[in-house]
Protein chains: 2
Amino acid sequence: MSRASDKAYSQIRELIISGDLAPGEALGEEALAEMCGVSRTPIREALRRLEADMLIRKTESQRSYVSDWSLDDVHDVFELRAMLEGHAARRAADLMDDAVLKALKMHNTRLGEAVSSDPPNVEEFLARNREFHALILRTAASPRLEILLQTLIEQPVIWRTAHHYEVSELVRSHQEHDELIAAFERGDGPWAEAIMTGHIRRAFHAYSDAHQEMMAAETDQEKKRA
Amino acid sequence: MSRASDKAYSQIRELIISGDLAPGEALGEEALAEMCGVSRTPIREALRRLEADMLIRKTESQRSYVSDWSLDDVHDVFELRAMLEGHAARRAADLMDDAVLKALKMHNTRLGEAVSSDPPNVEEFLARNREFHALILRTAASPRLEILLQTLIEQPVIWRTAHHYEVSELVRSHQEHDELIAAFERGDGPWAEAIMTGHIRRAFHAYSDAHQEMMAAETDQEKKRA
DNA sequence: GCGTTCCTTATTGTATACAAAATCGACCCG
DNA sequence: CGGGTCGATTTTGTATACAATAAGGAACGC
């Protein structure tokens with residue numbers, strides 16, 4: 001983490017995830033270098049990594065842009081997540097132990113509290129949700145599965161939209177986590193897989209709704225300007 | 001493809017896949033640069049890409065080595081392939097059209113001929129097998145699924161070992177492809193998925209057997225030397 | 001003899017300069 | 001006025017030099 005390229009990577013990544021660098025925006029190497037206070041060499045390394053993360057794309061002429069995802073793209077990603085995380089849940093059910101189970105319960109309890117509070121603490125919800133899923137993934141004990149899923153999960157479009165989910169979706173999410181925990185306690189892999197797959201698919205619908213809401217809001221603003 | 005980094009990437013990649021660069025071997029940037037006739041800068045770009053392909057790994061101190069895969073690692077990869085290609089097969093069954101179906105039949109016919117010839121044409125078998133699976137994958141119409149699977153499929157350990165499969169395994173593979181085609185003709189997604197998943201899992205067993213055979217052969221050679 | 005410390009050497013990380021390529025705009029021609 | 005070509009400018013690709021860091025080995029003390 002001490003290397004300049006790592007620093008640049010984190011910095012640019014944060015800018016993309018926060019939305020300061022908007023989807024479709026051009027990323028000039030020199031400009032980024034000046035912004036990060038390093039030369040172009042580590043910037044280029046960082047851009048390669050961001051490209052592997054699918055956070056940026058390169059045109060045929062090698063210019064870099066922040067990735068812009070269509071709804072179809074996001075749907076594609078959620079379908080893959082549903083399958084991969086379902087697989088992870090099934091494996092995790094076989095390999096589950098008491099310590100992990102206890103940690104899962106703790107995270108989901110805190111997640112439930114975050115949802116119940118008034119107003120709901122969405123940041124806390126997202127953090128606990130993240131930990132919950134990460135723990136299951138780690139329990140599945142497949143290093144490559146973790147790598148594959150990481151690039152699918154860490155997508156800014158999804159994270160940004162998550163702040164606009166309906167409260168009812170958060171509640172449902174909490175309940176489904178409990179069902180997962182129950183499946184783990186019984187060591188029922190197929191059941192855990194089925195719940196997880198549905199859980200992710202419903203998360204896509206929550207995303208889709210929130211996304212359309214946001215789009216509509218933007219259109220309204222444009223109308224006001226005109 | 002005209003860029004030096006692309007040239008270096010292909011060149012090093014070929015050396016790894018062919019086995020000229022053995023698993024575990026150290027990859028010094030300067031040595032590679034001299035070998036490829038370019039400077040270290042494009043070499044570094046190439047190494048990043050090879051790392052993303054999981055063809056090389058980097059130690060904590062950032063030195064690069066050719067990936068060495070344990071049997072467990074390979075098993076992990078095959079399990080993921082079984083799931084992902086199974087998913088692809090199910091989707092492909094829904095999206096299948098006559099042109100693709102015809103192409104699949106053609107590839108499998110040629111594959112069968114390669115297996116039946118005496119001696120069996122393993123190169124041809126592998127090429128047709130590759131095309132067959134790639135075609136199904138493309139028909140599934142999920143760009144990200146293709147990306148995820150690519151890194152799992154293009155692994156030199158697997159390709160090298162493939163040349164030592166038993167003929168009976170090649171015959172079975174041919175038959176299973178026919179069953180897949182039948183499932184596609186009926187538009188039966190779940191069936192196609194089940195066949196594909198089993199197909200890949202059995203391919204792992206073929207790999208495992210061939211691998212042990214090769215290990216035993218190596219041990220014999222060592223004994224002869226002593 | 002074993003382990004430790006320090007120094008030498010090899011290797012990777014970064015900055016800079018320059019070359020190659022692409023984009024954009026002005027200008028000209030039809 | 002539209003289209004296309006050429007050139008100026010921007011942007012990316014590569015080479016090289018140097019700095020930082022890690023590996024390997026010799027000398028030293030225990």
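Remember, predicted model here, so these are calculated numbers, not experimental data.

**Remarks on the interface of chain B and chain A**
- Taken together, the 24 residues of chain B in the interface contact 23 residues of chain A.
- Roughly 2,300 Å² of surface becomes buried between chain B and chain A when both sides are summed, with 55% attributable to carbon and sulfur atoms.
- Area buried by chain B at its contact with chain A is led by B:Glu45, B:Arg48 and B:Arg144, which between them contribute 28% of it.
- There are 8 salt bridges connecting chain B and chain A.
- Between B:Arg48 and A:Glu45 there is a salt bridge, with its nearest N and O atoms 2.5 Å apart.
- Applying the counting rule to chain B against chain A returns 4 residue pairs in polar contact (both at pLDDT 80 or more).
- Here the element with the most residues in the side of chain B that touches chain A is helix 4 (residues 71–95) of chain B; it accounts for 8 residues.

**Side note on the sheet that holds strand 3 (residues 64–66) of chain A**
Residue and element names in this part refer to chain A.
- Across the sheet, 3 strands lie side by side as 1-3-2; this open sheet has antiparallel pairing. Whereas interior strands pair on both sides, the edge strands pair on one side only; in this sheet they are strand 1 (26–27) and strand 2 (56–58).
- In terms of strand pairing, strand 1 meets strand 3 through 2 bridges, oriented antiparallel. Bridge pairing in strand 3 places Ala26 opposite Tyr65.

**Some remarks on the relation of the copies chain B and chain A**
- With an RMSD of 0.1 Å, the fit of chain B onto chain A corresponds to turning through 180° and sliding 0.1 Å along the axis. Such values leave the two copies arranged in the relation of a two-fold axis.
- A share of 96% of the interface residues of chain B reappears at the interface of chain A, consistent with the copies meeting face to face through the same patch.

**Topic: the protein's contact with DNA strand D**
- In the vicinity of DNA strand D lie 16 residues, with A:Arg40, A:Arg44, B:Ala4, B:Ser39 and B:Thr41 positioned nearest.
- Counting only the atoms of DNA strand D that lie within 4 Å of the protein, the sugar and phosphate share comes to 63%.
- Within the side chain of A:Arg63, an N or O atom sits 3.1 Å from a sugar or linking oxygen of DNA strand D.
- Between a phosphate oxygen of DNA strand D and a main-chain N or O atom of B:Ser39, the distance comes to 2.7 Å.

**Quick notes on the domain arrangement of chain A**
All names here are of chain A.
- Partitioning chain A into domains gives domain 1 (4–66) and domain 2 (71–225).
- In this structure, domain 1 and domain 2 have C-alpha centres spaced 27 Å apart.
- At the interface, 10 residues of domain 1 touch 6 residues of domain 2.
- Each partner contributes to the roughly 620 Å² buried at the junction of domain 1 and domain 2, and carbon and sulfur atoms together form 56% of this total.
- A per-residue breakdown of the area domain 1 buries against domain 2 is headed by Arg13, Ile17 and Met54, which together make up 51% of the total.
- Across the domain 1-domain 2 interface, the total number found is 1 salt bridge.

**Considerations on the packing of helix 1 (residues 4–18) of chain A against helix 2 (residues 29–36) of chain A**
Residues and elements named next belong to chain A.
- Relative orientation of the contacting elements helix 1 and helix 2 amounts to 105°, with a least axis distance of 11 Å. Considering the angle they form, helix 1 stands roughly perpendicular to helix 2. Note on element contacts: helix 2 touches helix 1 through Leu32, Met35 and Cys36, opposite Lys7, Ala8, Gln11, Ile12 and Leu15.
- For the contact of helix 1 with helix 2, the residue count by class is 6 nonpolar, 1 polar and 1 charged.

**A few points about the packing of helix 6 (residues 122–139) of chain A against helix 9 (residues 167–186) of chain A**
Residues and elements named next belong to chain A.
- Orientation of helix 6 relative to helix 9, taken along the N-to-C sense of each, is 25°, at an axis distance of 12 Å. If you check the angle between helix 6 and helix 9, you find them roughly parallel. In this structure, the crossing between helix 6 and helix 9 has a hand that is left-handed. Residues Phe125, Asn129, Phe132, His133 and Ile136 of helix 6 form the contact with helix 9, whose own contacting residues are Leu170, Ser173, His177, Leu180, Ile181 and Phe184.
- Grouping the amino acids of the contact of helix 6 with helix 9 by side-chain chemistry returns 7 nonpolar, 4 polar and no charged.

**Some points on the protein's contact with DNA strand C**
- Around DNA strand C sit 16 residues in total, of which A:Ala4, A:Ser39, A:Thr41, B:Arg40 and B:Arg44 are the nearest.
- Among atoms of DNA strand C positioned within 4 Å of the protein, sugar and phosphate together represent 64%.
- A distance of 2.9 Å is found between a phosphate oxygen of DNA strand C and a side-chain nitrogen or oxygen belonging to A:Ser61.
- Contacts to DNA strand C include B:Glu29, whose backbone N or O atom sits 3.1 Å from a phosphate oxygen.
- Breaking the surface near DNA strand C down by element, the ones donating at least two residues are helix 1 and helix 3 (40–52) of chain A together with helix 3 (40–52) of chain B.
- The residue makeup of the surface near DNA strand C, split by class, is 4 nonpolar, 6 polar and 6 charged.

Conventions used here
- Residues numbered from 1 in each chain as written.
- Chains lettered and ligands numbered in written order.
- Predicted model: local features only at pLDDT ≥ 70, side-chain atom pairs only at ≥ 80, totals over all residues.
- Heavy atoms only, no water.
- Contact = heavy atoms within 4.5 Å.
- Buried area = accessible area lost by both parts, 1.4 Å probe.
- Salt bridge = Lys/Arg side-chain N within 4 Å of Asp/Glu carboxyl O.
- Polar contact = N/O pair within 3.5 Å; in protein donor to acceptor, adjacent residues only side chain to side chain.
- Helix = DSSP H or I, 4+ residues; strand = E, 2+ residues; numbered from the N terminus.
- Pairing = 2+ DSSP bridges.
- Least-squares fit on C-alpha atoms with pLDDT ≥ 70 in both.
- Near = heavy atom within 4 Å.
- Domains from an automatic or database assignment.
- Axes fitted to C-alpha atoms, helices over the stretch in contact; angles between N-to-C directions.
- Parallel < 35°, antiparallel > 145°, perpendicular 65-115°, else oblique.
- Nonpolar A, V, L, I, M, F, W, Y, C, P; charged D, E, K, R; others polar.
- Left-handed = near helix turned anticlockwise from the far one by under 90°.

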